Amino acid sequence: MKDNSLTVDVIQFAEEIKAYGFYASFRPNGIKTEKIGAESFQYGNSRYMVKNDFVVIISAMKTSDKVNTVMRDLCIEIENAIIGSNATPPFFLLFPYKSKIIPSNQFYPYQYLGIPGFNEVYTTSYLIGNDTLTLFLAIDKTGEKFKYLKQFAKQEGEVVESFNRFAFDSTFSIAFKDSTYGVIVAGIKSHKLIGTIRYNPKIADKYLRTWLMGL
């Protein structure tokens with residue numbers, strides 16, 4: 001484009017959800033998105049798009065209205081060449097909808113919160129008054145991920161096991177304070193490990209109780 005140039009990265013992943021997780025890692029909460037592919041947005045000098053197991057990143061050296069239009073049109077052209085679903089991951093439908101920040105869905109394939117073994121974790125954030133609440137969820141049919149979380153908690157210091165403030169299954173619940181993410185509350189419900197970071201009972205309790213009832 002005369003004194004400007006575009007670079008295009010087309011990246012294929014082994015699974016659709018891992019493509020989505022990579023794409024979402026670039027996306028600020030609440031940014032405007034478009035229905036190009038499963039989802040697309042522009043942030044700074046780059047446009048991002050996810051479709052099926054592909055992520056497309058188009059970047060410009062310099063941006064302008066004309067350049068933004070070219071990037072969008074090119075993104076649509078590439079999207080049309082990719083065969084597969086235009087749907088976003090359905091697993092996020094398991095989260096409560098009220099007060100949800102759209103978009104804020106994230107997927108962490110490995111080591112959520114930096115915890116070894118705490119893999120394949122979905123998260124969504126909520127705006128409640130002036131506070132932000134982040135909920136997380138992972139399938140945990142064997143209790144293995146809860147075990148990794150529990151091991152990490154014991155390294156951090158004070159731990160409350162069998163945290164009975166919420167209707168988690170049996171004794172599979174825990175609360176502890178992390179130096180980076182504040183108080184973390186988590187437990188097993190219907191083979192799912194769910195919880196919240198930076199736990200604030202004033203805003204989190206109602207959401208967690210409602211969520212547990214729904215699951």
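The preceding data block contains the structure.
Residues numbered from 1 in each chain as written. Predicted model: local features only at pLDDT ≥ 70, side-chain atom pairs only at ≥ 80, totals over all residues. Heavy atoms only, no water.

Draft legend 1. The arrangement of the pattern of salt bridges in detail. Tallying each qualifying case throughout the model produces twelve salt bridges. Lys18 is the salt-bridge partner of Glu15, the closest N and O atoms lying 3.3 Å from each other. Judged by relative accessible area, which is 35%, Glu15 ranks as partly exposed. What you see here is one network of salt bridges that share partners, running through Glu34, Arg47 and Arg72. (Salt bridge = Lys/Arg side-chain N within 4 Å of Asp/Glu carboxyl O. Buried < 20%, exposed > 50% of the residue type's maximum accessible area, 1.4 Å probe, protein only.)

Draft legend 2. A look at the packing of aromatic side chains. Taken as a whole and judged by the stated rule, the model has 23 aromatic pairs. Aromatic pair Tyr20 and Phe92: ring centres 5.6 Å apart, planes at 50°, arrangement tilted. With Tyr20 in helix 1 (residues 16-24) and Phe92 in the loop between helix 2 (65-81) and strand 5 (106-108), this residue pair connects regions lying 72 residues apart in the sequence. By relative accessible area, Tyr20 is classed as buried at 4%. Residue placement shows Lys147 over the ring face of Tyr148; its charged tip is 5.4 Å from the ring centre. (Phe/Tyr/Trp six-rings, centres within 6.5 Å; stacked < 30°, edge-to-face > 60°. Helix = DSSP H or I, 4+ residues; strand = E, 2+ residues; numbered from the N terminus. Lys NZ or Arg CZ within 6 Å of the ring centre and 35° of its normal.)

Draft legend 3. Quick peek at the sheet that holds strand 2 (residues 39-43). Reading across the sheet, the four strands line up as 1-4-3-2 and stay open at both edges, with antiparallel pairing between neighbours. Of all strands in the sheet, those with a lone pairing partner are strand 1 (6-12) and strand 2, marking the two edges. Mean inter-strand twist for the sheet, computed between neighbouring axes without regard to direction, equals 10°. Bridge count for strand 3 (residues 46-51) against strand 4 (residues 54-60) is six bridges, and the pairing is antiparallel. Bridge pairing in strand 4 places Ser46 opposite Ser59. Contacts between helix 2 and the sheet are confined to strand 1, strand 2, strand 3 and strand 4, with strand 4 contributing the most and set at about 160° to the helix. (Pairing = 2+ DSSP bridges. Axes fitted to C-alpha atoms, helices over the stretch in contact; angles between N-to-C directions. Contact = heavy atoms within 4.5 Å.)

Draft legend 4. How the structure looks around the pairing of strand 4. Counting buried residues in strand 4 gives seven out of seven residues, a clear majority hidden from the surface. The alternating pattern of strand 4 places Phe54, Val56, Ile58 and Ala60 and Val55, Ile57 and Ser59 on opposite faces, both of which are buried.

Draft legend 5. Expanded view of the side chain of Asn52. Relative to the helices and strands, Asn52 resides in the loop between strand 3 and strand 4. Contacts of Asn52, omitting those with residues within four sequence positions, involve Glu16, Ala19, Ile83, Gly84 and Ser85.

Draft legend 6. Summary view of helix 4 (residues 201-214). Here helix 4 spans 19 Å end to end across 14 residues, near enough to the 20 Å set by a 1.5 Å rise per residue. When helix 4 is considered as a whole, its buried residues turn out to be Ile203, Ala204, Asp205, Tyr207, Leu208, Trp211 and Leu212. As for helix 4, its buried residues are in contact with strand 6 (121-128), strand 7 (131-139), strand 10 (182-189) and strand 11 (192-197). (Expected span 1.5 Å × (residues − 1).)

Draft legend 7. Up close: helix 3 (residues 144-156). Compared with the 18 Å implied by 1.5 Å per residue over 13 residues, the 19 Å span of helix 3 between its first and last C-alpha is a close match. For helix 3, the complete set of buried residues consists of Lys145, Phe146, Leu149, Phe152 and Ala153. Each buried residue of helix 3 lies within a common arc of 125° when the element is viewed along its axis, so the set occupies one face. Residues Lys154 and Gln155 are exposed on helix 3 and point more than 90 degrees away from its buried face. Contacts from the buried residues of helix 3 go to strand 7, strand 8 (159-161), strand 9 (173-178), strand 10 and strand 11. (Arc of directions from axis to C-beta.)

Draft legend 8. Examining the side chain of Ser104 more closely. Relative to the assigned elements, Ser104 resides in the loop between helix 2 and strand 5. The exposure class assigned to Ser104 is buried, which follows from its relative accessible area of 2%. Within the local environment of Ser104, its side chain forms a polar contact with the backbone nitrogen of Ser125, the two atoms lying 3.1 Å apart. If sequence neighbours within four positions are ignored, Ser104 has contacts with Arg27, Asn29, Thr123, Thr124 and Ser125. (Polar contact = N/O pair within 3.5 Å; in protein donor to acceptor, adjacent residues only side chain to side chain.)

Draft legend 9. Expanded view of the nonpolar core. Ranked by internal contacts, the top residues of the largest apolar core, which has 33 residues, are Tyr23, Phe95 and Phe166. At the level of elements, helix 1, strand 3, strand 4, strand 6, strand 7 and helix 4 are the ones that each hand at least two residues to this core. The greatest single-element share of this core, amounting to six residues, is contributed by helix 4. Counting 18 residues, the second-largest nonpolar core is a separate cluster that includes Tyr112, Phe118, Phe136 and Leu149. (Core = buried A, V, L, I, M, F, W, Y, C linked by side-chain atoms within 4.5 Å.)

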